[in-house]
Amino acid sequence: MRLASSPTRAVGRRRTVLVALTVVAAGLGTMPSAVAADAPTPVQTGGVWGIDFAGGTLNTVEVAANGLQYAYARRIAPDGTTAGDRTSMGFVGTYATGDHIKRVPCDAGSCVPMRATGNGHLGRFGVDNGQEYAQIWLTANSYHSSDEPGVTGGQFVDATGRYFVYNAESTGKQYIDDVSEYRTTNVRMTRSITAASVWGSALWTASSTAGAITATDLEQKKVVETVATGAPCVIKELHTVGRWIYWNCGTSGAAGVYDRTARKSFAVPSGAALVGDGYLVQHDRTAEKLVLTDFHTGNSAAPREIADLSAGNTVDQRRLTWAVDKFGGGIAYVGPDKAIRIVRSEVPAQPLAKIESDLGEGSIDIKGVENGHSPAWNSTWQLNKPVTWNFVVKDARGRTVRTFSGGPGTEVEVNWDGRTDTGGYPTNGVHTWALTARAAEGGGTYATSGKISVGGGLPGHHDQGGHDFGELVTLNSAGELTLHYTEGKGKFDWKRSGAGWPKGTVAVPFGDMGSDRCAEMLVRMPNGELRRYAGKCGSPYTPNNSHTSLGTGWNAYNVLTVPGDLTGDGRPDLLARKASTGDVHLFADDGHGKLKAGVKIRSSWTGYTKVVGAGDLNGDGYGDVLAHHKDGTLYRYDGTAGGKLKERVKVFGAWGTSYNTVVGVGDITGDGKPDLVERDSSGNLFRNDGNGKGSFGSRTKIATGWQGYKGVF
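The name an unreviewed UniProt entry gives the chain is VCBS repeat-containing protein, with Streptomyces gelaticus as the organism.

*Asks:* Describe in detail the packing of aromatic side chains, supporting the description with residues and values.
*Replies:* For the structure on display, the rule yields 35 aromatic pairs. An aromatic cluster of three or more residues is present, and its members are Phe125, Phe156, Phe164, Tyr166 and Tyr175. When the ring centre of Trp137 is taken as reference, the NZ or CZ atom of Arg124 above it lies at 4.1 Å. Looking at Arg648, its charged tip hangs above the ring of Tyr635, at a distance of 3.8 Å from the centre.

*Asks:* Residue-level account of the nonpolar core, with values.
*Replies:* In terms of nonpolar packing, the biggest core is built from 31 residues, with Tyr246, Val257, Val268, Leu280 and Phe295 touching the most fellow members. Contributing elements (two or more residues each) for this core: strand E7 (69-75), strand E26 (244-248), strand E27 (255-259) and strand E28 (264-268). The residues contacting Phe295, other than those within four sequence positions of it, are Trp244, Val257, Phe266, Val268, Val275, Gly278, Tyr279, Leu280 and Ser300. In terms of nonpolar packing, the next biggest core, distinct from the first, is built from 28 residues, Leu483, Val508, Tyr557 and Phe587 among them.

*Asks:* Tell me about the confidence of the model for the chain, and name the residues and values.
*Replies:* Scored by pLDDT, the chain has a mean of 93; 94% of the residues are at 70 or more. In the model, residues 8-39 has pLDDT below 50 throughout and makes 89 contacts with residues more than four positions away in sequence or in other chains.

*Asks:* Let's hear about unusual backbone geometry: which residues, and what values?
*Replies:* Geometrically, the link from Gly407 to Pro408 is a cis peptide bond, its omega value of 0° lying close to zero. Of note, Pro408 is situated in strand E39 (residues 400-416). At Asn129, a residue that is not glycine, the phi angle is positive and equals roughly 55°. Topologically, Asn129 is positioned in the loop between strand E14 (122-128) and strand E15 (131-137). At Ala654, a residue that is not glycine, the phi angle is positive and equals roughly 50°. With respect to the helices and strands, the residue Ala654 is situated in the loop between strand E56 (649-652) and strand E57 (659-666). In this structure Ala654 comes out as exposed when scored by relative accessible area, which is 72%.

*Asks:* Can you break down the state of the cysteines residue by residue, with the values?
*Replies:* Enumeration according to the criterion identifies three disulfides in this entry. There is a disulfide in this structure between Cys106 and Cys111, and the S-S distance comes to 2.0 Å. Handedness here is read from the sign of the S-S torsion; for Cys106 and Cys111, about 80°, the answer is right-handed. Side by side, Cys106 and Cys111 carry an identical accessibility label, which is buried. There is a disulfide in this structure between Cys518 and Cys537, and the S-S distance comes to 1.8 Å. Handedness here is read from the sign of the S-S torsion; for Cys518 and Cys537, about -110°, the answer is left-handed.

*Asks:* Can you tell me about the pairing of strand E18 (residues 163-168), naming the residues and giving the values?
*Replies:* Two faces, one strand: in a regular strand the side chains alternate between the faces of the sheet. Among the six residues of E18, six are classified as buried, and the element is accordingly described as predominantly covered. Taking every second residue as pointing to the same face, both faces of E18 are buried, with Tyr163, Val165 and Asn167 on one and Phe164, Tyr166 and Ala168 on the other. Looking at chain direction, strand E17 (residues 154-160) and E18 are connected through six bridges and run antiparallel. Paired with Asp158 across the two strands is Val165, which belongs to E18. Remark: two residues form the turn of the hairpin made by E17 and E18, two consecutive strands paired antiparallel; Gly161 in that turn has positive phi of roughly 60°. Where E18 meets strand E19 (residues 173-178), six bridges bridge the pair, whose relative direction is antiparallel. Among the inter-strand pairings, Val165 is bridged to a residue of E19, identified as Ile176. In sequence, E18 turns back onto E19 through a hairpin of four residues, with Gly172 there showing a positive phi of about 65°.

*Asks:* Got a sec to walk through the sheet that holds strand E59 (residues 685-690)? Specific residues and values, please.
*Replies:* An order of E57-E58-E59-E60 is seen for the four strands of this open sheet, with the pairing classed as antiparallel. A single partner strand is all that each edge strand has here, and the edge strands are E57 and strand E60 (696-703). With direction set aside, neighbouring strand axes in the sheet form an average angle of 25°. As paired strands, E57 and strand E58 (residues 675-680) are joined by six bridges and run antiparallel to one another. Pairing of Thr661 across the sheet is with Arg679, part of E58.

Parameters and conventions
Residues numbered from 1 in each chain as written. Predicted model: local features only at pLDDT ≥ 70, side-chain atom pairs only at ≥ 80, totals over all residues. Heavy atoms only, no water. Phe/Tyr/Trp six-rings, centres within 6.5 Å; stacked < 30°, edge-to-face > 60°. Lys NZ or Arg CZ within 6 Å of the ring centre and 35° of its normal. Core = buried A, V, L, I, M, F, W, Y, C linked by side-chain atoms within 4.5 Å. Buried < 20%, exposed > 50% of the residue type's maximum accessible area, 1.4 Å probe, protein only. Helix = DSSP H or I, 4+ residues; strand = E, 2+ residues; numbered from the N terminus. Contact = heavy atoms within 4.5 Å. pLDDT = per-residue confidence, 0-100. Disulfide = S-S within 2.5 Å. Pairing = 2+ DSSP bridges. Axes fitted to C-alpha atoms, helices over the stretch in contact; angles between N-to-C directions.

Rendered as structure tokens:
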């Protein structure tokens, strides 16, 4: 997009990708809005110098309170009875340098030819040193230019949502482009002038064969459909509205509509027309009427008069004194009293449907968004008629993280920075999103959903990478402490190591004990000192990395494990089993980078060969513990918010007698549910998928040769 200048400055041709500036009328302040909200139609004006109507937005050129002309937008109620407050879409007069917005002769003197896109944007041509430049205005202060070429005789052919088409007499060429607000696209095309229309990303054009038209997918840059309309000519004009493709052989020649559903054409009245959803409108200057032809049934009904409109002196008054909303709306026209009236078509629109969409990537890096290195999750959906909509993001446990809503309008636009509704951070992992849009009039629902992987948020269980999944940690005889990373497909795909660790080191993947959203690593040194190593969000650790001592004497414990949050404060906690007694102590995270004093929560767990902090296995928000009894029974102890464990529940019997290591590794399968990893005495590595209900599926072998690791954590 490009900078919008004040009326005292030149338009200029230097273009940037996205710029905005408040438009100020020379010495008179910012433009005020006019017309009270929800003023009943007809909308009273002091004159109209151009009009268009799309997606429920009425665009006009009118004189502002300061005496200058501006483009305006008003939301029109779905039933056409009320009009909202007018808002500026930018200055359309002449700048002090002589640069100006293109105008054409009209009954009002000179009008601005505009093209509304249906999603609230508005096209017009700016003139700089005699050259015309196509502009799609997004707001009163910014417009898309994307280095459109300088031409003369520029004329918009069509526009739908992000996509637009215009011709230039000076070059004899047709230009197709899109408004790329969030991503760089390669849509632009330059071609010979033919009849053309754009509906979503499909560009419909006439070929040199009589009656033939083709659809080119602008994103794939290839022809995806060819249609024989039956027109007795090389088609001169096209208008596409979903299922309907209007064609004519020139304004004095034959005209028809091709029904893409029934795959047939039928005749409609000849003459200049604007096409709505299931109908067309013409200006009968002899009768001084606007006349509507209904064809929504797949056949052309007899034309009927819908409004009085004087003949005027301008032969073609389309978008100068009257306009049609092709997005399921009605007709707008300017009466002799300069008031704008809205006429309902009374023609049933097509069912609510998506025209096209532009979705963000399947992941979002919140830290990258915050430091400006990564984009937010920006997505748009263009629909065929105005809707109200809701968009909901949920985490892997089904908890709502973020909600958006909007409407009425034909475009759904979601810009998610990764934060929750309360301004906090979601947990790393795969999230789901769901969009539900409801037609503002006439019923109908459009729904779609997808997944988005969140990184840079709160680390999940065993998450050392700072992105989505749990990591497994190993120590080998060479003193390398290795983080084994997964791509979320149930195995470990790559690894990174830090050297220099002494024999007898015990690693305890913890969680974020600070505010950087990087999980810390607790390490018990052979001398019994417990250290907290600052989280590195994916980088490996060495003994000399930044760390804080959490005290000595930790060799008294033969189990150090992290179940997750057991105290209800949202922070992970440490469990330790005393070797001499089997008593289990809780060391809660104090929120300041250290641990609170230990509290005994269980006694005499001497019968358990393994005690495993496993994360939230049952989806209640609290960490859980697995305990493997020497008789082979695996039990689960559900955590509570009070720092306690509920009574045990049997998970498996006669289980895991060959395992020398069991690790609650977190989610490594990408479904958001904590999984279990085991190593047997032969060095085989297995995975049991968590079911989110406190248990696991059958085991799957994921690796061999792991017997060389002295520790697996």
